[in-house]
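Here are the chains, one letter per residue:
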Amino acid sequence: MENFVWKIRNLDDGTEFVVDGMDRDGMLTRLQKVGSDKMVSLEEFPRTLGSSSLVQQFLGKESKGINMVGTKKKVNSGWIGKLSGLTRNADWTKGVHFRPNETSSKTGARTGRVQVNVCKKRSKELSLLCTGQEFSAHEGSILTMKFSPDGQYLASAGEDGVVRVWKVLEDDSPSKFDLQDTDPSCLYFSLNQFSKLAPLDVDNDKTTPMKSMRKSSDSACAILPPKVFQLLEKPLHEFHGHSGEVLALSWSKNGHLLSSSVDRTARLWKLGNDQCQGIYSHNNYVTCIEFNPVDDNYFVSGSIDGKIRIWEVQGCRVIDWTDIRDIVTAVCYRPDGKRGAVGTMDGTCRFYNIVDNCLELDAQVCLNGKKKLAGKRITGLQFCPNDVNKVMVTSANSQVQILCGTDVICKFKGNRSLGSQATASFTSDGEHIVSATEDSNICVWNYTTEDKKSSRPKNVQSRESFFSRNTSLAIPWVGLKTKLGALPGSIFDEKLLQKLPASFPDLFTMSRGFFLDSKGSATWPEEKLPDSSSVPVSPSVCKSEFKFLKSAWQNALHSPHLWGLVIVTAGWDGCIRTFLNHGLPIRF
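A few points on the structure.

1. Quick look at the overall build of the chain
Then comes step 1: A tally of helices and strands in the chain yields 5 helices and 40 strands.
Then comes step 2: Here the chain holds 588 residues, and 54% of them are scored as buried.
Then comes step 3: For the chain, contacts bridging at least 24 residues in sequence account for 59% of all contacts bridging at least 6.
Then comes step 4: Total accessible area on the chain is roughly 26900 Å²; 48% of this is exposed by carbon and sulfur atoms.

What follows is the structure, given as C-alpha cells:
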C-alpha cells in the first residue's frame, strides 16, 4: 500500500505540521511540528494556530471525517480538498499525461448520437445530441474553464498549474455527420447560408421511410448548419507561472485573462503574449476572481483568508477590501458593475453595492437554513441574463437556486451530491441552465423568469441529462461575436447561432426532386421545383416526413429550443469533450 504523508501548513507564518499519531480507527490524534521534536495533540492544535473560526471549523467538524485508514482511496477529506474540488482517485488519473498530439484525440472522427434522458418533461429539446471532439488538454484534473466574452477562445486550467487557451474554429457540418446508418428513424436536413433546407443526401436503401416508423422519444428531425463549432486542439497559448493548482479564471472584454491559484496569487495574461502581465499576491489561496464587466482595469477576488478585495489592474494594488470572516468560495459582478454577489463556505450569499470601486454591504442570506450542511457550500454565482435583479446560485450538493433579493424563488434539482465543484451556467439567451453533477451527468433545465411572488419557491425537477465520462465541469458556448460581421452561413453569423429563421423556410433540392408523397404530386409551387428532365425524380421526402419536419420547426419557433447548442465538458482525466445538438424539439 502506498504511504501518504499528511501535512498541514499555517499560511500566515509558514509553520508546518505532519500527522504523527492515529487511534485504532485511523483517526488523527497527534501532530509533529516540522523541523523540531515538538509534538502537538489534536486538542492543543487550535491554540497553536490561533483562535481562527476557520481552524475551529476544520478541527471541530471536518476533521471528524478524516480517517487515515485507506487513504489511498481519497485524499480530499476536509475543507481544503472540498475547496479545490480535487478527487484524487489514483485509478482515475493514473497514466494520464498531456501530449499535444494525444492519440486518444477524436479529431476528424465522425459524430455519434448521445443518449439523452428526459425527466418529467413533455418534450425533448436535445433530440439529436451528438459527440464532437475529445482530446487531452491537461495533466491531471481540469478545475476551471471559461469562454471569452466574444466566444472566440476557451481558457482551461487546473491541477497542473498551467493555463491553456484554445481557439474556436468553424468546421464543415455535413461532411462528418454519419448517423444515418445507425439511426434510420430520424430525418436529416442541411441548412444553407440562405436559410433554405435540403434533405441530406443519403442512401435510401439504408434509411427507413418516416411513414413506416413509430414515433418515440428517439425520433428526431436534424437540421445541420453549414458550419459547426470546433476547437483547435493545439493550444494557442500556454501560460506558465503558477506553482500550484489553478482554481478560477476570468476574461475581460478586451482579451485579458486572470487566473487564481492555491499559490496565493492571481496572475494577469494577455492574448498574443506568453509573459505574465501582472501578479497580485494574497495571504492565502485565491479561490475566485472576476473582472469588472464595465471597466477591466479592476477585478474582485475572494480568498480562504475571508477577505474580498477589489484590485486596480494597472496599479497592481488593492482599492478596497472587506473581511467576512468565512472562506470566500464565489464572487460575481452584476453586468453593469454596480453590484456584486459573494458566496461562502457555509452557504451564505452576500450582496454588495459597488460605488467608486468600494464595497457596501446591502443584504445577505444563509441558504443553509437551520441545518449546517457541508454540501451547501456555494460554488458559483451568475446574474440572470434576462433579469439582473435575479442571481443564480450553485451549491456543492449540485442544487441550483434563483434568488430575487434575499428570497429563493426557484430551485432546480438534479442528482444530489456532497462534493461537487461544478458551477451552473446560463445559455446565452438565458432560457436554459447547464450544469455537471458529481456522477458525470450533464443536466439541462428550462428557465423562465418568475414574476409571481409566492411564500414557497418553485421546485423544478423537469430536465434533460446525458453522461460525459469523468466530467466535473460543463459550460455552454456563448456563440461567436465579431465587430466586423461575418460571412453568411459561418458560425460567426448570429442568424445561424442558436436561432432558426422566423418562418418555415423554403426547401431546395440538390440531387433529388422534392415531393410530398410517393406518387410524385408536388405540393410546393411548381415554379420552385427543379426541371424533372435534369433532376432524377425520387421521393426523398414523403408527406408524413414533411409534417414531422414542419411540426418540429413550429415547436422551435413557439417555444424555447436548444437547436445549435454547444456544450463543452472537462474533468478528472484532463480531457476536453464537446457536444452539439442538431435536433429540433420533439413533443411526446
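2. Observations concerning unusual backbone geometry
Then comes step 1: One non-glycine residue, cysteine 316, lies in positive phi territory at about 55°.
Then comes step 2: Tracing the sequence through the fold places cysteine 316 in the loop between β22 (307-312) and β23 (317-323).
Then comes step 3: Even without glycine at this site, arginine 325 takes up a positive phi of about 60°.
Then comes step 4: Relative to the helices and strands, arginine 325 is located in the loop between β23 and β24 (328-333).
Then comes step 5: Taking the relative accessible area as the measure of exposure, arginine 325 reaches 68% and is therefore exposed.

3. Looking at the pairing of β24
In regular strands, side chains alternate between the two faces of the sheet.
Then comes step 1: Among the 6 residues of β24, 6 are classified as buried, and the element is accordingly described as predominantly covered.
Then comes step 2: Inspection of the sheet shows β24 paired to strand β25 (residues 339-344) by 5 bridges, in the antiparallel sense. Within β25, the position partnered with tyrosine 333 by the bridge is glycine 340.
Then comes step 3: Where β24 folds back on β25, the antiparallel hairpin that results is connected by 5 residues, among which glycine 337 adopts a positive phi of roughly 75°.

4. Some thoughts on the sheet that holds strand β33 (residues 432-436)
Then comes step 1: The 5 strands are arranged β5-β36-β34-β33-β32 in an open sheet whose pairing can be described as antiparallel. The open sheet has two edge strands with one neighbour each: β5 (117-119) and β32 (425-426).

5. Thoughts on the sheet that holds β23
Then comes step 1: Read from one edge to the other, the open sheet built from 4 strands follows the order β20-β21-β22-β23, with strand pairing classed as antiparallel. The sheet is open, and its two edges are formed by β20 (286-291) and β23, each paired on a single side. Across the sheet, the axes of successive neighbouring strands diverge by a mean angle of 20°, strand direction being ignored.
Then comes step 2: Pairing geometry for β22 and β23, over 6 bridges, is antiparallel. Looking at the pairing, tryptophan 311 lines up with valine 318 of β23.

6. Side note on the environment of glutamate 438
Then comes step 1: With respect to the helices and strands, the residue glutamate 438 is situated in the loop between β33 and β34 (441-446).
Then comes step 2: It is 9.3 Å that separates the C-alpha atoms of glutamate 438 and leucine 473, two residues lying 35 residues apart in sequence.

7. What to know about the side chain of threonine 427
Then comes step 1: With respect to the helices and strands, threonine 427 occurs in the loop between β32 and β33.
Then comes step 2: Overall, the relative accessible area of 3% leaves threonine 427 in the buried class.
Then comes step 3: There is a polar contact of 2.7 Å between the side chain of threonine 427 and the side chain of aspartate 429.
Then comes step 4: Once residues within four sequence positions are removed from consideration, threonine 427 is found in contact with Pro385, His432, Val434, Pro476 and Leu565.

8. Some words on the packing of aromatic side chains
What describes a pair of aromatic rings is the distance from one ring centre to the other and the angle between the planes of the rings.
Then comes step 1: For the structure shown, the criterion picks out 13 aromatic pairs.
Then comes step 2: When the ring of phenylalanine 299 is compared with that of tryptophan 311, the centres are 6.0 Å apart and the planes differ by 5°; the resulting orientation is stacked. Residue phenylalanine 299 is found in strand β21 (residues 298-303), and its partner tryptophan 311 is found in strand β22; the two are separated by 12 residues along the sequence.
Then comes step 3: Judged by its relative accessible area of 0%, phenylalanine 299 is buried.
Then comes step 4: Overall, tryptophan 311 belongs to the buried group, its relative accessible area being 5%.
Then comes step 5: An aromatic cluster of three or more residues is present, and its members are Tyr280, Phe291, Phe299 and Trp311.

9. Thoughts on the nonpolar core
Generally speaking, soluble globular proteins have nonpolar side chains that are buried together.
Then comes step 1: If you look at the biggest cluster of nonpolar residues, it comprises 20 residues, and the most contacted ones within it are Met145, Phe147, Leu154, Phe229, Leu231, Val568 and Ile576.
Then comes step 2: Core analysis: the second largest hydrophobic core is formed by 15 residues, Leu126, Val434, Ala436 and Ile442 among them.

Here is what the cut-offs are and how they apply
- Residues numbered from 1 in each chain as written.
- Predicted model: local features only at pLDDT ≥ 70, side-chain atom pairs only at ≥ 80, totals over all residues.
- Heavy atoms only, no water.
- Helix = DSSP H or I, 4+ residues; strand = E, 2+ residues; numbered from the N terminus.
- Buried < 20%, exposed > 50% of the residue type's maximum accessible area, 1.4 Å probe, protein only.
- Contact = heavy atoms within 4.5 Å.
- Areas by Shrake-Rupley, 256 points an atom, 1.4 Å probe, with all protein chains shown as cover.
- Pairing = 2+ DSSP bridges.
- Axes fitted to C-alpha atoms, helices over the stretch in contact; angles between N-to-C directions.
- Polar contact = N/O pair within 3.5 Å; in protein donor to acceptor, adjacent residues only side chain to side chain.
- Phe/Tyr/Trp six-rings, centres within 6.5 Å; stacked < 30°, edge-to-face > 60°.
- Core = buried A, V, L, I, M, F, W, Y, C linked by side-chain atoms within 4.5 Å.

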